[in-house]
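# Descriptive analysis of the structure
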Amino acid sequence: MAPVDVDSPPIEIRLRNLTLSGHVGFDSLPDQLVSKSVQNGFIFNIMCIGETGLGKSTLMDSLFNTDFESTPSPHSLDSVQLKAHTYELLESQVRLKLTVVDTVGYGDQINKEDSFSAIVDYIDAQFEYYLQEELKIKRSLSTYHDSRIHVCLYFISPTGHGLKSIDLVCMKQLDQKVNIIPIIAKADTISKTELQKFKSKIITELKNNGVSIYQFPVDDESVSEINATMNSHIPFAVIGSTDFIKVGNKMVRARQYPWGTVQVENESHCEFGQLREMLIRTNMEDMREKTHCNLYELYRKRRLEQMGFSDVDENHKPVSFQQTFETKRSTHLQELQQNEEEIRQMFVARVKGKEGELKEAEKELHAKFDKLKKAHAEEKKKIEDSSRKLEDEILEFNRRKAQYQQMGHHTLTLGKTKKK
């Protein structure tokens, strides 16, 4: 097989339209894709961000008509804790692996910076897990559990006074990482007139601060009209409830108040129905696609650039991934050799320095030894001189002693002679 030149430009393919003389069968490809997708099932990951007590868990129960059995969150947490729970849902033989990520303790800390930084780190971590799986030699993306966040429902407190600083900062940090759909929680606590003003104020603040939120696609003719209409309803004013109340002849999700009943799925009461229609029934696949093709690709591009990879060289000419890798590998080996040489030179210099220190110490020891040797010789000479002098004195003493003894003996002899 001839080698392939990866730097050569791609071959231009000229397509010709042909007429089939009979049925072939590739028109069944859409059915094959549907069958394959139903067999494999689908994955959808939702992150709910909002202050404690805004009804995030209740809204999730209402959206999917089930009970996720969530536990109430306290207000006394030192930091934001992200808890992800994955569920297997089945509807009309279609399996959905749903992951709901809750931001427990969001906005309860004095230092609000820790609130959104933990969320950003979590979303980046899911991108990084997928990237590492992609970069493996033996990949298993077909069976890999994709934990990337497909949509973020940002719950806004129904104050009627606009967004809080933490809302703007957090959404600005996330708008290039996840599809954000802002929603006004507990919309039954604010009047319709105030609600419309509140919505307009939220959209104005988002635009003025350069925050990009998810827009339902209008390029598909089948859903362009309804999506364009629903884009004007953002942020959705919603109400959630786990209670069912009998209204007429049927049981409906609702909230019972002394002054009346608020029906969750009644469009004249809130926009819960529009949110579920847009989020699940119409645009779920678009959110999955945008997460993979836009948001993840942006993260992947930045990470590869951090690693030193690029599609063009210094002259802006196309360069292959293999070339970049080989160049980086060659550069890395050169740096290793250079570092090894520097370490070797440093080691040699330190050895020479130690040798010089040892030689100086040896010289000092020799000098000290010579000095001690000389002092010893002088002391020895002094002792020998003293010893000779002492011996001479002893000899002189003995000589004089002998003389005195001899003189005494002579005197004694003379005395005895005189007595006789």
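To start, this report covers the structure provided alongside it. (Residues numbered from 1 in each chain as written. Predicted model: local features only at pLDDT ≥ 70, side-chain atom pairs only at ≥ 80, totals over all residues. Heavy atoms only, no water.)

## Things to note about helix H5 (residues 192-208)
Compared with the 24 Å implied by 1.5 Å per residue over 17 residues, the 24 Å span of H5 between its first and last C-alpha is a close match. Of all the residues in H5, the buried ones are Leu195, Phe198, Lys199, Ile202, Glu205 and Leu206. All buried residues of H5 lie within an arc of 135° about the axis, which places them on one face of the element. In H5, the exposed residues that point more than 90 degrees away from the buried face are Thr193, Lys197, Lys207 and Asn208. Each element contacted by the buried residues of H5 is listed here: strand S4 (151-156), helix H4 (165-174), strand S5 (180-184) and strand S6 (236-237). Directly after H5, the chain includes glycine 210, whose backbone phi takes a positive value near 65°. (Helix = DSSP H or I, 4+ residues; strand = E, 2+ residues; numbered from the N terminus. Expected span 1.5 Å × (residues − 1). Buried < 20%, exposed > 50% of the residue type's maximum accessible area, 1.4 Å probe, protein only. Arc of directions from axis to C-beta. Contact = heavy atoms within 4.5 Å.)

## Remarks on the sheet that holds strand S8 (residues 250-257)
The 3 strands are arranged S7-S8-S9 in an open sheet whose pairing can be described as antiparallel. The open sheet has two edge strands with one neighbour each: strand S7 (244-247) and strand S9 (260-263). Each strand of the sheet is rotated relative to its neighbour by a mean of 65°, with strand direction disregarded. Taken together, the 4 bridges between S8 and S9 define a ladder with antiparallel strand orientation. From the neighbouring strand, glutamine 256 faces S9, where its bridge partner is threonine 261. (Pairing = 2+ DSSP bridges. Axes fitted to C-alpha atoms, helices over the stretch in contact; angles between N-to-C directions.)

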